[in-house]
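What follows is each chain in one-letter form.
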Amino acid sequence: MDRVALRGLKARGHHGVFPREREEGQTFIVDLELGLDTRPAAADDDLAKTVHYGVVAEEVVAIVEGDPVDLIETLAERIAQACLKYDGVEEVEVVVHKPDAPITVPFDDVTITIRRSRV
């Protein structure tokens, strides 16, 4: 399985369980790895035979900016399911970063990583 990766997609969302998170919003960062067979696209040099990562990036940002959820686990699942709808994408790994999470001790980042496949 070949991999197409998108790293550091940034969007402002209103996800979280606390009222302040819902009201003010915060930045979320998403990393994706899409698993697919890129040989048909490479053989014919044809974008239509692979995943258009620009379109995927736009959809992921729209999901982050869209309807709020309590958990980043739910956000990651929504992103994964959207990625699996693209023809040829057999599996996806989604990492959602929440660097401004409401934690009372010093930290660098909070992430959730999920892997999903069509199977």
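Not measured: the values here are computed from a predicted model.

**Q** Just checking my understanding: could you explain the sheet that holds strand 3 (residues 91-97) for this structure?
**A** Think of a sheet as strands paired side by side through backbone hydrogen bonds, with each pair either parallel or antiparallel. As summarised here, the arrangement of the 4 strands in space is 1-2-3-4, forming an open sheet in which the pairing is antiparallel. Looking at which strands have only one partner, the edges of the open sheet turn out to be strand 1 (2-13) and strand 4 (111-117). Each strand axis lies, on average, 15° off the axis of its neighbour in the sheet, ignoring direction. Taken together, the 10 bridges between strand 1 and strand 2 (residues 26-36) define a ladder with antiparallel strand orientation. Directly across from Val4, in strand 2, lies its bridge partner Leu34.

**Q** Looking at this structure, I do not really get the side chain of Glu21. What am I missing?
**A** Within the fold, Glu21 resides in helix 1 (residues 19-24). Owing to a relative accessible area of 6%, Glu21 belongs among the buried residues under this scheme. Side chain to side chain, Glu21 and Gln26 meet in a polar contact 3.2 Å long. Residue contacts for Glu21: discarding those within four places in its chain leaves His14, His15, Gly16, Gln26, Lys98 and Pro102.

**Q** When you look at the UniProt feature "domain: Dihydroneopterin aldolase/epimerase" (unreviewed entry) in the protein chain in this model, what are you seeing that I'm missing?
**A** When the UniProt feature table is mapped to this numbering, "domain: Dihydroneopterin aldolase/epimerase" (unreviewed entry) covers residues 4-116. End C-alpha atoms of residues 4-116 are separated by 15 Å, and the span's content is 34% helix alongside 30% strand.

**Q** Explain the nonpolar core here, please?
**A** Here is a general trend for soluble globular proteins: nonpolar side chains tend to be buried in one another's company. Formed by 31 residues in total, the largest nonpolar core has its most connected members in Val30, Leu32, Leu34, Ile79, Val94 and Val96. Elements with a minimum of two residues in this core: strand 1, strand 2, helix 3 (53-65), helix 4 (72-84), strand 3 and strand 4. With 8 residues, the top contributor of residues to this core is helix 4. When residues no more than four places from it in sequence are discounted, the contact partners of Leu32 are Val4, Ala5, Leu6, Arg7, Leu9, Val56, Val60, Ile79, Cys83, Val92, Glu93 and Val94.

**Q** Got a minute to help me understand the environment of Glu58 in this structure?
**A** In this fold, Glu58 is placed in helix 3. Along the primary structure Glu58 and Leu9 are separated by 49 residues, whereas in three dimensions their C-alpha atoms are 9.2 Å apart.

**Q** Please clarify how the pattern of salt bridges should be interpreted in this entry.
**A** Pairing is possible between side chains that carry opposite charge, provided their charged atoms lie close to one another. On inspection of all chains with the given rule, the structure shows 11 salt bridges. The residue Asp37 makes a salt bridge to Arg39 at a minimum N-O spacing of 2.9 Å. Among the residues examined, Asp37 registers a relative accessible area of 34% and is labelled partly exposed. Glu90 is paired through a salt bridge with Arg118; the nearest N and O atoms lie 4.0 Å apart. Here Glu90 is found in the loop between helix 4 and strand 3, whereas its partner Arg118 is found in the segment after strand 4, with 28 residues between them in sequence. Owing to a relative accessible area of 35%, Glu90 belongs among the partly exposed residues under this scheme. Each of the salt bridges in this network shares a partner with another, and the network as a whole consists of Arg3, Arg7, Glu33 and Glu91.

Rules of the game
Residues numbered from 1 in each chain as written. Predicted model: local features only at pLDDT ≥ 70, side-chain atom pairs only at ≥ 80, totals over all residues. Heavy atoms only, no water. Pairing = 2+ DSSP bridges. Helix = DSSP H or I, 4+ residues; strand = E, 2+ residues; numbered from the N terminus. Axes fitted to C-alpha atoms, helices over the stretch in contact; angles between N-to-C directions. Buried < 20%, exposed > 50% of the residue type's maximum accessible area, 1.4 Å probe, protein only. Polar contact = N/O pair within 3.5 Å; in protein donor to acceptor, adjacent residues only side chain to side chain. Contact = heavy atoms within 4.5 Å. UniProt positions renumbered as here; feature names shortened; annotations may be inferred. Core = buried A, V, L, I, M, F, W, Y, C linked by side-chain atoms within 4.5 Å. Salt bridge = Lys/Arg side-chain N within 4 Å of Asp/Glu carboxyl O.

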